[in-house]
Amino acid sequence: MMNGEFFDNGVLHVFVPFGWKLFCGSDSGGKVTSKKLHIYKGAQTEMDIFTKAGITICFYGKNEIYISTRSFYDNVCEIESFELRGNLWKGYTCTSLGYPYTMLESTHDGATFQVMILMKNGECEISLDDADVIKILESLATSCFEEGVLWDF
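So, a few notes on the structure that sits alongside this text. Quick caveat: nothing in here was measured; it's all calculated off a predicted structure. (Residues numbered from 1 in each chain as written. Predicted model: local features only at pLDDT ≥ 70, side-chain atom pairs only at ≥ 80, totals over all residues. Heavy atoms only, no water.)

**What to know about the overall build of the chain**
On a plain count of helices and strands, the chain comes out with one helix and 13 strands. In the chain, the succession of helices and strands from N to C terminus is β-β-β-β-β-β-β-β-β-β-β-α-β-β. Taken over the C-alpha trace, the chain has a radius of gyration of 15 Å; the compact-globule value for 153 residues is 15 Å, and the two agree within 12%. Here the chain holds 153 residues, and the buried ones make up 41% of them. (Helix = DSSP H or I, 4+ residues; strand = E, 2+ residues; numbered from the N terminus. Rg over C-alpha atoms; globule rule 2.2 N^0.38 Å. Buried < 20%, exposed > 50% of the residue type's maximum accessible area, 1.4 Å probe, protein only.)

**Focus on the nonpolar core**
Inside soluble globular proteins, nonpolar side chains tend to come together where they are buried. Counting 27 residues, the largest nonpolar core has Val14, Ile55, Ile57, Val115 and Ile117 as its most contacted members. Sorting the residues of this core by element identifies strand E2 (12-17), strand E3 (20-26), strand E4 (32-41), strand E5 (54-60), strand E9 (111-118) and helix H1 (131-139) as the ones contributing at least two each. Residue contributions to this core peak at four residues, all from E9. If we skip the residues at most four places from it in the chain, Ile57 touches Val14, Lys35, Lys36, Leu37, Ile39, Phe113, Gln114, Val115, Ile136 and Leu140. (Core = buried A, V, L, I, M, F, W, Y, C linked by side-chain atoms within 4.5 Å. Contact = heavy atoms within 4.5 Å.)

**Considering the pattern of salt bridges**
As enumerated under the stated definition, the model contains four salt bridges in all. With a closest N to O distance of 2.9 Å, Lys35 and Glu64 form a salt bridge. On the criterion of sequence distance, the pair formed by Lys35 in strand E4 and Glu64 in the loop between E5 and strand E6 (74-84) is long-range, its members being 29 residues apart. With relative accessibility at 23%, the residue Lys35 sits in the partly exposed group. Put simply, Lys41 and Asp132 hold a salt bridge, and the shortest N to O gap is 3.3 Å. In this pair, Lys41 sits in strand E4 while Asp132 sits in helix H1, placing the two residues 91 residues apart along the sequence. The partly exposed category is assigned to Lys41, whose relative accessible area is 33%. (Salt bridge = Lys/Arg side-chain N within 4 Å of Asp/Glu carboxyl O.)

**A short note on the pairing of E9**
Burial runs high along E9: eight of the eight residues are buried. Of the two faces of E9, the one carrying Ala111, Phe113, Val115 and Ile117 and the one carrying Thr112, Gln114, Met116 and Leu118 are both buried. Here eight bridges tie strand E8 (residues 99-108) to E9, and the two strands are oriented antiparallel to one another. Directly across from Thr107, in E9, lies its bridge partner Thr112. Once E8 ends, the chain turns through two residues before running back antiparallel as E9, passing Asp109 with a positive phi of about 50°. (Pairing = 2+ DSSP bridges.)

**Details of the layout of surface pockets**
The space that makes up the largest pocket amounts to roughly 370 Å³. Around the largest pocket, the lining is made up of 13 residues, and of these His38, Tyr40, Thr56, Tyr101 and Leu118 lie nearest the centre. Where the lining of the largest pocket is concerned, the elements lending two or more residues are E4, E8 and E9. No other element matches the three residues that E4 contributes to the lining of the largest pocket. Residue composition of the lining of the largest pocket, grouped by class: eight nonpolar, four polar and one charged. (1 Å grid on protein atoms, 1.4 Å probe; cavity = no way out; pocket = protein on both sides within 12 Å on 5 of 7 lines; lining within 4 Å. Points joined across faces, edges and corners; volume = space filled by probe spheres on them. Nonpolar A, V, L, I, M, F, W, Y, C, P; charged D, E, K, R; others polar.)

Distances and angles like these do not, on their own, reveal function.
Encoded structure:
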């Protein structure tokens, strides 16, 4: 069993392994949002997202528009779709400003999770095959109250 703790902000639920740190994300207007999280390996402060490898999770509800950012990246290469905990994940590897990423998305009943994995940053490196990365993805869930119905991703 992996050591860590679960984080729940009322919208997103995720497991944060020991040695990783979670930070709340901001929307395009700079306001902290419950629909975006950063989880970085070996981070101590929010500034460490610039020097560590990690994962950014974004959630788009049923009534929100999700547009893939695929065209913004270089060296895009499809990866094979896979299933975790009943959710189908599709994605690709790419680079952004020279940094390697694995970009994933999973849609269920009109809601989408977008997961951006910064694979290498300086001396820090993570992989989609790492047990802690898989545990984070497996644990990812949401419960939102939209249109009078409580639903789980």
